[in-house]
Number of protein chains: 2
Amino acid sequence: MRQRIAIDMDEVIADSTSAYIARYNEEFKANLTIGQLNGKKVRDVVPQEHRERVVSYPFTPGFFRDLPVIEGSQAVVQELAQKYEVFIATAAMEFPPCFADKFAWLQQHFPFISWANIVFCGDKSIVQADYLIDDSVRHFKDFRGEGIVFTSPFNHHDQGYRRVNSWREVRDLFL
Amino acid sequence: MRQRIAIDMDEVIADSTSAYIARYNEEFKANLTIGQLNGKKVRDVVPQEHRERVVSYPFTPGFFRDLPVIEGSQAVVQELAQKYEVFIATAAMEFPPCFADKFAWLQQHFPFISWANIVFCGDKSIVQADYLIDDSVRHFKDFRGEGIVFTSPFNHHDQGYRRVNSWREVRDLFL
């Protein structure tokens, strides 16, 4: 039986931070850059009076539809899928208006992942897999397999798990 | 740590067969009843020339929004949730247009189930739980916990698993 790898979407294969920044800059005629985040989320670096708008972005239909693909993810996920069972597992239940966008995004950018291998969930401890590649270490707490942190702007200080800084490093680890 | 029960939607808490029959009868001015199914699906008992229409029903937005609730399921699921971790796990990926309807239906009829405990998947072997109550025994094949068959019009002949015929029997089994 092949080992199974579950892979998160946001900040692992889909660059949602760039979309937050682009949308924020557009709405408020600002010039926020990813370098200014310093490990914080967009909502935590903007003026207090803008925060509510930023928090609302992922509830907007379309937000998750046009996210940039994280560099290297397509080729490496496709390679992984030759040797492992690969599932995409995303905490989509937090943002119900995103369901259709996330599914369409996966079909466009990861067409080699079957619908049978896509999971929209909330609490990821429900995921039965040998590995979970995720940028949020909170998902590893009750996960039965090994959690592997994918470096994002927000998790530099999280310790206690194997870490990969890029899809090249994922490739080196598994292939 | 509490034991975890995963529960399917269609034919376990949501009566989709009734909706197939109602929609079919309405479209074709027919008088099909559940008693006429004899363990077959609606698409398998209608004239060949109607089959394509019936197969299309679950891809229609709205189909899953108004399904009747299976008798007894609300009260027993609520009781189970006091003693167990309860997740709802449905193979929604097969019918992407149903995502929003299934989520809204759960919010309406099972408001005590948190979004964090809802799973839309394809292959249910991804579900990490101690028990899976489902009407499709195909989902038990690679499931790591115990599969429990919930009797539906289509599974009378499936053997090899514990079976419950009603939510009263689920209650007797777990509570």
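Residues numbered from 1 in each chain as written. Chains lettered and ligands numbered in written order. Predicted model: local features only at pLDDT ≥ 70, side-chain atom pairs only at ≥ 80, totals over all residues. Heavy atoms only, no water.

1. With respect to the relation of the copies chain A and chain B
For the pair chain A and chain B, the superposition axis carries a translation of 0.0 Å, the fit reaches an RMSD of 0.0 Å, and the rotation angle comes to 180°. These values place the two chain copies in the arrangement generated by a two-fold rotation axis. The share of interface residues of chain A whose copies in chain B are also at the interface is 100%, consistent with both copies meeting through the same surface. (Least-squares fit on C-alpha atoms with pLDDT ≥ 70 in both. Contact = heavy atoms within 4.5 Å.)

2. Some details on the nonpolar core
I7, I13 and W167 of chain A together with I7, I13 and W167 of chain B are the most contacted members of the largest nonpolar core, which has 92 residues in total. Those residues in contact with I13 of chain A that sit more than four places away from it in its chain are I7, D8, P68, V69, I70, S73, V77, I88, W105, L106, F110 and W167 of chain A. (Core = buried A, V, L, I, M, F, W, Y, C linked by side-chain atoms within 4.5 Å. Buried < 20%, exposed > 50% of the residue type's maximum accessible area, 1.4 Å probe, protein only.)

3. Here's the deal with the interface of chain A and chain B
Listed by partner, the interface residues are 23 residues for chain A and 23 residues for chain B. When the two sides are added together, the surface that chain A and chain B hide from each other amounts to roughly 2,300 Å², 66% of it contributed by carbon and sulfur. Three residues stand out in chain A for area buried against chain B, namely M93, I126 and Q128 of chain A, and they jointly supply 29% of the buried area on that side. For the pair chain A and chain B, the number of links is 0 salt bridges. Where chain A packs against chain B, one counts 7 residue pairs in polar contact (both at pLDDT 80 or more). (Buried area = accessible area lost by both parts, 1.4 Å probe. Salt bridge = Lys/Arg side-chain N within 4 Å of Asp/Glu carboxyl O. Polar contact = N/O pair within 3.5 Å; in protein donor to acceptor, adjacent residues only side chain to side chain.)

4. Quick look at the pairing of strand β5 (residues 146–150) of chain B
Residue and element names in this part refer to chain B. Among the 5 residues that make up β5, 4 are buried, leaving the element largely enclosed by the rest of the structure. With 4 bridges connecting them, strand β4 (residues 131–134) and β5 associate as parallel partners. For Y131, the partnering residue across the bridge sits in β5 and is E146. Relative to strand β6 (residues 162–164), β5 runs parallel, the two being bridged by 3 bridges. Among the inter-strand pairings, V149 is bridged to a residue of β6, identified as R163. (Helix = DSSP H or I, 4+ residues; strand = E, 2+ residues; numbered from the N terminus. Pairing = 2+ DSSP bridges.)

5. Some details on unusual backbone geometry
All names here are of chain A. The phi angle at K29 is positive, at roughly 50°, despite the residue not being glycine. Mapped onto the fold, K29 is located in the loop between α1 (16–28) and α2 (42–45). K29 sits in the exposed class, given a relative accessible area of 70%.

6. A short note on the packing of helix α4 (residues 73–83) of chain A against helix α6 (residues 167–174) of chain A
Residue and element names in this part refer to chain A. Close contact between α4 and α6 brings their axes to 9 Å; oriented N to C, the two are set at 15°. In this view, α4 runs roughly parallel relative to α6, as classed from their interaxial angle. Between α4 and α6 lies a crossing whose hand is left-handed. Contacts between α4 and α6 involve S73, V76, V77, E79, L80 and K83 from the first element and W167, V170, R171 and F174 from the second. Counted by class, the contact of α4 with α6 contains 6 nonpolar, 1 polar and 3 charged residues. (Axes fitted to C-alpha atoms, helices over the stretch in contact; angles between N-to-C directions. Parallel < 35°, antiparallel > 145°, perpendicular 65-115°, else oblique. Left-handed = near helix turned anticlockwise from the far one by under 90°. Nonpolar A, V, L, I, M, F, W, Y, C, P; charged D, E, K, R; others polar.)

7. Observations regarding the packing of aromatic side chains
What the rule picks out here adds up to 31 aromatic pairs over all chains. When the centroid spacing of 5.6 Å and the interplanar angle of 70° are considered together, the rings of F103 of chain A and F99 of chain B count as edge-to-face. With F103 of chain A in helix α5 (residues 99–109) and F99 of chain B in helix α5 (residues 99–109), this pair bridges two chains. Like F99 of chain B, F103 of chain A is buried. One aromatic cluster is present, formed by Y20, Y57, F59, F63, F64 and F95 of chain A through successive ring pairs. Above the ring of F64 of chain A, the side-chain terminus of K102 of chain A is found at 4.6 Å from the ring centroid. (Phe/Tyr/Trp six-rings, centres within 6.5 Å; stacked < 30°, edge-to-face > 60°. Lys NZ or Arg CZ within 6 Å of the ring centre and 35° of its normal.)

8. Some thoughts on the pairing of strand β2 (residues 85–90) of chain B
Residue and element names in this part refer to chain B. Extensive coverage of β2 is indicated by the burial of 6 of its 6 residues. Side chains of β2 alternate between two faces, with E85, F87 and A89 and V86, I88 and T90 buried alike. Strand direction decides the pairing type here: strand β1 (residues 4–7) and β2, joined by 4 bridges, are parallel. The residue of β2 that forms the bridge with I5 is V86.

9. Remarks on the pattern of salt bridges
Residues and elements named next belong to chain A. Under the defined criterion, the tally for this structure stands at 18 salt bridges over all chains. Ionic pairing is found between E27 and R53, a salt bridge with its closest N-O pair at 2.7 Å. Taken together, the positions of E27 in helix α1 and R53 in helix α3 (residues 48–56) put the pair 26 residues apart, joining distant regions of the chain. Under the relative-accessibility criterion, R53 is labelled partly exposed at 41%. Through salt bridges with shared partners, one network takes in D8, K124 and D134.

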